[in-house]
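Chain by chain, the residues:
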Amino acid sequence: MTVLVAEKVSKSFGSLQVLKEFSLEIYDGEVLGLIGPNGAGKSTFINIVCGILKPDSGRILFMGRDITDYEPHRVTRLGVVKTYQIPRVFNNLTLVENLLAASSWMDEPPEMLCRRSREVLELVNLDVKKGNLAAELSGGERKLLEFARAMMLKPRLLLLDEPFAGVNPRLKETLITALQKVNAEGVSILCVSHDMQEVRKLCRRIVFLTAGSKLVEGPPEDVLKNSDVIKLYLGSKGSAAG
């Protein structure tokens, strides 16, 4: 079953066409990687899916429902939740307060939200800092808090924009483990990342996007051996370009 279908999505900013009839499907329970050079249109696509941007043409279907014209809050309420490349945390709030602020609109008893806040902080090993201000966290810990805040909203589809950028190896492992756990519990994931090592760990299928168009898709080991992908994106030793 498909969770998300993008049909021939195009988007331009002035004379710059960022997406050109880009189509993509995400299946139920899948972790799909979306990779490509800087400026390929990856973040633009995610922002279209979650309603921040509107496409010039094409449409987005979530669980069979056309959400192309939905505002971001409506998309979120349906279960599509995004994390940001640069975490948008409330520095003057504690970790628990950050989570409760993000979920304050949800129609759930406060005690249930408090319990879930404890659970998601445990998931990313931040429970020992639950009373700390977010301003006291490292950059990598802020990424973990951003993920925890997304999980407070009970996503059906999680959109990750460069979740591993600026995260040290130890915290990367924490995040990978947490992502694998929530995926096993039924959360589908679209992961935009330049970190090929982590993409290989998470994804069984990746899509390569370049100049707004899909070049190739398939298992990571096949896509990353593609001669055009190597030429456009990978170095001679197979390391992702920054």
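Provided above is the structure to which this section pertains.
These numbers were taken from a predicted model, which means no experiment stands behind them. Numbers given for residues are sequential positions, taken from 1 along each chain in its written order. The predicted nature of this model means local features are confined to residues of pLDDT at least 70 and side-chain atom pairs, given and counted, to a pLDDT of 80 or more, with totals for whole chains, interfaces and linings taken over all residues. As a rule here, side-chain values cover all heavy atoms of the structure and leave hydrogens and water aside.

A. Representation of the pattern of salt bridges. A pairing counts as a salt bridge when a side-chain nitrogen of Lys or Arg comes within 4 Å of a carboxyl oxygen of Asp or Glu. Throughout the structure, instances matching the rule amount to 15 salt bridges. Across the pair Glu-146 and Arg-149 runs a salt bridge, and its minimum N-O distance is 3.0 Å. Here the residue Glu-146 and the residue Arg-149 both occupy positions in helix α5 (residues 139–151), the gap between them amounting to three residues, near one helical turn. Taken as a pair, Glu-146 and Arg-149 share a single burial class, namely buried. A run of H or I in DSSP becomes a helix once it reaches four residues, and a run of E becomes a strand once it reaches two; helices and strands are each numbered from the N terminus. The cut-offs for exposure are 20% and 50% of the maximum accessible area for each residue type, with area from a 1.4 Å probe on protein chains only; residues under the lower value are buried, those over the upper are exposed, and the others partly exposed.

B. Fine view of the nonpolar core. Note on terminology: a nonpolar core comprises buried Ala, Val, Leu, Ile, Met, Phe, Trp, Tyr and Cys residues joined through side-chain atoms within 4.5 Å. Of all hydrophobic cores here, the largest spans 48 residues; its most connected members are Leu-145, Phe-147, Leu-158, Leu-179 and Ile-189. Among residues more than four places away in sequence, those in contact with Leu-145 are Val-89, Leu-95, Asn-98, Leu-99, Leu-121, Leu-126, Ala-134 and Leu-137. By size, the runner-up hydrophobic cluster in this structure holds 28 residues, among which are Leu-32, Phe-45, Val-49 and Leu-190. Note on contacts: a residue pair qualifies if any of its non-hydrogen atoms lie within 4.5 Å across the two residues.

C. Representation of the packing of aromatic side chains. Pairing of aromatic side chains requires ring centres within 6.5 Å, counting the rings of Phe and Tyr and the six-membered ring of Trp. Pairs whose planes differ by under 30 degrees are stacked, by over 60 edge-to-face, and all others tilted. Under the counting rule described, the total for this entry stands at two aromatic pairs. Judged by centre distance (5.6 Å) and plane angle (70 degrees), the ring pair of Phe-208 and Tyr-233 falls under edge-to-face. In this pair, Phe-208 sits in strand β9 (residues 205–210) while Tyr-233 sits in the segment after α9 (227–232), placing the two residues 25 residues apart along the sequence. A relative accessible area of 0% means that Phe-208 is categorised as buried. Looking at Tyr-233, the relative accessible area reads 2%, which means it is buried. A positively charged side chain is recorded as over a ring if its NZ (Lys) or CZ (Arg) lies within 6 Å of the ring centre. The angle to the ring normal must also be within 35 degrees. In this structure, Arg-88 packs its charged tip against the face of Tyr-84, placed 3.9 Å from the ring centre.

D. Quick peek at the layout of surface pockets. If you add up the space inside the largest pocket, you get close to 430 Å³. We place a 1 Å grid over just the protein atoms. Points where a 1.4 Å probe fits but has no way out form a cavity, open points with protein on both sides within 12 Å along at least 5 of 7 lines form a pocket, and any residue with an atom within 4 Å of a point lines it. Looking at the largest pocket, it is lined by 20 residues, and the ones nearest its centre are Thr-76, Val-81, Lys-82, Tyr-84 and Leu-153. Contributions of two or more residues to the lining of the largest pocket are made by α2 (72–78), β6 (80–83), α3 (95–102) and α5. When residue character is reported, Ala, Val, Leu, Ile, Met, Phe, Trp, Tyr, Cys and Pro are called nonpolar, Asp, Glu, Lys and Arg charged, and the others, Gly included, polar. Classifying every residue of the lining of the largest pocket gives twelve nonpolar, three polar and five charged. Grid points are joined across faces, edges and corners, and a volume is the space filled by probe spheres set on the points.

E. Looking closely at the sheet that holds strand β1 (residues 2–13). Read across the sheet, four strands follow the order β2-β1-β4-β5 without closing on themselves; strand pairing throughout is antiparallel. Two strands close off the open sheet at either side, each with one partner strand: β2 (16–27) and β5 (65–66). At least two bridges found by DSSP between two strands are what make those strands a pair. Relative to β2, β1 is paired through eight bridges, and the arrangement is antiparallel. Counted as the bridge partner of Lys-11 is Leu-19 from β2. To define axes, lines are fitted to C-alpha atoms, for helices over the stretch in contact only, and angles between the resulting N-to-C directions are given on a 0 to 180 degree scale. Relative to β1, helix α1 (residues 42–49) is tilted by about 120 degrees, and along the sheet it contacts β1, β2 and β4 (57–62).

F. Just empty space enclosed by the protein, in detail. Applying the stated criterion to the full structure yields one cavity of 30 Å³ or more. Of the pockets and cavities examined, the largest cavity occupies roughly 70 Å³. Lining the largest cavity, in full, are Thr-83, Tyr-84, Lys-143, Glu-146, Phe-147, Leu-160, Asp-161, Glu-162, Pro-163 and Leu-175. Elements supplying a minimum of two residues to the lining of the largest cavity: α5 and β7 (157–161). It is α5 that provides the largest number of residues to the lining of the largest cavity, a total of three residues.

G. Structural view of helix α4 (residues 110–123). Multiplying one less than the number of residues by 1.5 Å gives the expected span of a helix. A rise of 1.5 Å per residue sets the reference length of α4, with its 14 residues, at 20 Å; its end C-alpha atoms lie 20 Å apart and thus fit the reference within 8%. Among the residues making up α4, those that are buried are Leu-113, Arg-116, Ser-117, Val-120, Leu-121 and Leu-123. Axial view of α4: buried residues confined to an arc of 145 degrees, hence all on one face. Contacts from the buried residues of α4 go to α3, α5 and α6 (169–184). Within two residues after α4, Asn-125 carries a phi angle of roughly 60 degrees, on the positive side. In this description, one arc is meant: the one made by directions from the helix axis to the C-beta atoms.

So far we have only geometry, and geometry alone does not tell us how the molecule works.
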